[in-house]
Amino acid sequence: MNTQLNVSHAQWSFRFKKRPGYLAASVLRVLFGMVLGVTVCQAIGQPLSQQGESIRCEALRPHPEISCTFTLGGLAAIQDISVKLQGQPTKHRFDPYPASSDRTALLMLVDISDAKRQKAVSAAVDLIGRVLSEKKPHQQIAVAQFDSNLQLKSDFNADVSKHQAALREIAPRGQATELYKSALDAIALLKKAQISRRALVIFSDGKAEDKGYSHDDVVREAANAQVRIFTVGYPESASETPALQTLERMAKATNGVHRVAATADKSVPRDTVAEILGFADHGGTVTFLRSEHFGQQSVTLEVKETDGTMLSLETTLTVLDARSLHQKILDHLRSYSVSYSAGGVVLISILIAFFWWRKRRRARVQKLLDFALLEELSGQGVIHHVQKQASRIGRAADNDVCLRNNSVSAYHAELNVRRDGSLVLIDLGSSNGIYLNGKKIGSETVGFGDLIELGEVRLRLQRPK
């Protein structure tokens, strides 16, 4: 699994337009040979095992942090976790899944293609009923059936009574079995859900009569939509057990789980309900500071579970030098201060004072240019500066205000400053719309103190300080 991620540029940079700045840059180039460059950080997640482990890392802009989200197989709770960067322990924060805002979507998909499999279908329906009765508040469930195509019986917003009514309607009817096509349709439904984690649970005998779709198509789309697949096989006889390999391959290739029901009474292993509800939720997020070193960096998560299991999850980061010129000077001085003469130290001190003065002056100018502030109400207190007459807001990196949340459209909204100083918020055709103080709007004048909601992100419009 390869994950690309960008580390934000330094929050300030120097442009040497006047003679003192130009001379300073020349001296520094002679002394240190420092060169500013574009910054990219790449994270590569290595295949881990067939037990459902995975890891994905991303940068937290504008903070100098790396956040690694990981999933685990099994049901044992996490007892302890440690993080190593380049083999050295590093301080970190661990947030187990789910957080208060996290949601998990599980789509139950029952094979009804064989009219002779009434007992197996009834067993699957009963198992889903038990899953519904034990699901947790953050879990949303939908129910569907398939033969030659998928039919959604109850969606993720349905209550328990609607789910139960849908389960009573599920019965085998004897049609062609298009397993792969139906799995692809189910993944497409899950992909549309604005949700933290997605899981597909398939109840089938593993037989597939697809002509235009294959196992590889399902695995590729599941990876694209970040969907894990749990399969429950229901063989009619011992001779039909080999057909379940279709389901087992699908589950393992998507970091899922495969279980087999008994041939005679269709009973499943004792912990199957707990596994269905827990296989997509196990794991969490660790956050830690990036290393002061640059180049290829190894990250290792060592996890100890309550059942004694020890797991090691690894990923590789290639970090190019993202420091500002000011920070490069400070770091260089820390490393080589002993080797400089007294005169060199004085010269560097003068240059540092100059750059400090330039930074303070820029900060004062920056403060005067703020038209408004947008404060994220997420608990971290992130504040975005509105400094343009027309500031675009969205998930894409080239927005003036970048919000890293899947519920926010790539180009969600625009905040315009009129000549009279009033502010107008405009919807740019977003998927989830804009809500101003709880009311959905298309284009509206906004004022300081107003609450703005873009998808799941809540912002407070503040007066510049």
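Residues numbered from 1 in each chain as written. Predicted model: local features only at pLDDT ≥ 70, side-chain atom pairs only at ≥ 80, totals over all residues. Heavy atoms only, no water.

**Student:** Can you walk me through the overall build of the chain in this structure?
**Tutor:** In terms of regular secondary structure, the chain is built from 9 helices and 27 strands. Within the chain, buried positions represent 44% of all 465 residues. Here the analysis covers contacts within the chain between residues at least 6 apart in sequence; of these, 65% occur between residues at least 24 apart. (Helix = DSSP H or I, 4+ residues; strand = E, 2+ residues; numbered from the N terminus. Buried < 20%, exposed > 50% of the residue type's maximum accessible area, 1.4 Å probe, protein only. Contact = heavy atoms within 4.5 Å.)

**Student:** I keep staring at the pattern of salt bridges and nothing clicks. Help me out?
**Tutor:** Here the idea is simple: oppositely charged side chains can pair when their charged atoms come close. This model, assessed by the stated rule, comprises 15 salt bridges. As a salt-bridge pair, R259 and E275 come within 2.7 Å of each other at their nearest N and O atoms. With a gap of 16 residues between them, R259 in strand β13 (residues 257–260) and E275 in helix α7 (residues 272–278) connect regions that are remote in the sequence. R259 gets classed as partly exposed once you look at its relative accessible area, which sits at 25%. For E275, a relative accessible area of 14% puts it in the buried group. A salt bridge links K388 to D400; the nearest nitrogen and oxygen atoms lie 2.8 Å apart. One end of the pair, K388, is in the loop between β18 (383–386) and β19 (390–394); the other, D400, is in the loop between β19 and β20 (401–402), and 12 residues separate them in sequence. The exposure class of D400 is partly exposed, given its relative accessible area of 34%. One network of salt bridges, with partners in common, ties together R117, D205, E236 and K266. (Salt bridge = Lys/Arg side-chain N within 4 Å of Asp/Glu carboxyl O.)

**Student:** Looking at this structure, I do not really get the nonpolar core. What am I missing?
**Tutor:** The tendency in soluble globular proteins is for nonpolar side chains to be buried as a group. With 31 residues, the main nonpolar core has M108, F203 and Y234 as its most contacted residues. Where this core is concerned, the elements lending two or more residues are β8 (104–111), α2 (118–134), β9 (139–146), β11 (197–204), β12 (227–233) and α7. Among the elements that make up this core, the one with the highest residue count is α2 (9 residues). Excluding anything up to four places from it in sequence, M108 contacts I128, V131, I141, A142, V143, A144, V201, F203 and I276. (Core = buried A, V, L, I, M, F, W, Y, C linked by side-chain atoms within 4.5 Å.)

**Student:** Would you take a moment to explain α2 for this structure?
**Tutor:** Residues that lie three or four places apart on an α-helix share one face, since the helix turns once every 3.6 residues. Its 17 residues give α2 an end-to-end C-alpha distance of 25 Å, which sits within 8% of 24 Å, the value for a rise of 1.5 Å per residue. Among the residues of α2, those classed as buried are A120, V121, A123, A124, V125, L127, I128, V131 and L132. In this fold, the buried residues of α2 make contact with β8, β9, α3 (160–169), β11 and α7. (Expected span 1.5 Å × (residues − 1).)

**Student:** Could you clarify how one ought to interpret the environment of V382 in this entry?
**Tutor:** As for its placement among the helices and strands, V382 is situated in the loop between β17 (372–376) and β18. V382 sits 77 residues away from L459 along the chain, and the two C-alpha atoms are 9.7 Å apart.

**Student:** Teacher, can you tell me more about the packing of aromatic side chains here?
**Tutor:** Centre-to-centre distance and the angle between the planes together describe a pair of aromatic rings. Under the criterion given, the structure shown has 4 aromatic pairs. Centroid distance F230 to F279: 5.2 Å. Interplanar angle 70°. Geometry classified as edge-to-face. Of the two residues, F230 is situated in strand β12 and F279 in the loop between α7 and β14 (283–289); the sequence distance between them amounts to 49 residues. Side by side, F230 and F279 carry an identical accessibility label, which is buried. (Phe/Tyr/Trp six-rings, centres within 6.5 Å; stacked < 30°, edge-to-face > 60°.)

**Student:** Honestly, the packing of helix α4 (residues 179–192) against helix α5 (residues 215–225) in this entry has me stumped. Any pointers?
**Tutor:** Each packed pair of helices is defined by two parameters, the angle between the axes and the distance between the axes. Packing of α4 against α5 brings their axes to within 9 Å, and their N-to-C directions diverge by 5°. By the angle between their directions, the pair α4 and α5 is classed as roughly parallel. Only H215, D217, V218, E221, A222, N224 and A225 of α5 make contact with α4, whose side of the interface consists of Y180, A183, L184, I187 and K191. Each residue belonging to the contact of α4 with α5 can be placed in one class, and the counts come to 7 nonpolar, 2 polar and 3 charged. (Axes fitted to C-alpha atoms, helices over the stretch in contact; angles between N-to-C directions. Parallel < 35°, antiparallel > 145°, perpendicular 65-115°, else oblique. Nonpolar A, V, L, I, M, F, W, Y, C, P; charged D, E, K, R; others polar.)

**Student:** When you look at the pairing of strand β10 (residues 150–154) in this model, what are you seeing that I'm missing?
**Tutor:** Side-chain positions along a regular strand alternate between the two faces of the sheet. Pairing between β9 and β10: 4 bridges, direction antiparallel. Each residue of the ladder has a partner; that of Q145, found in β10, is Q151. Connecting β9 to the next strand, β10, in antiparallel fashion are 3 residues. (Pairing = 2+ DSSP bridges.)

**Student:** Looking at this structure, I do not really get the sheet that holds β9. What am I missing?
**Tutor:** Hydrogen bonds between backbone atoms are what pair the strands of a sheet, whose relative direction is either parallel or antiparallel. Strand order in the open sheet formed by 6 strands is β10-β9-β8-β11-β12-β13, with mixed pairing between adjacent strands. Edge positions in the sheet fall to β10 and β13, since each of these pairs with one other strand and no more. Going from strand to strand, the sheet's axes swing by 20° on average, the running direction of each strand aside. As paired elements, β8 and β11 share 7 bridges and run parallel to each other. Paired with A105 across the two strands is R198, which belongs to β11. Running over the sheet, helix α6 (residues 245–253) touches β11, β12 and β13 and is turned about 155° from β12.

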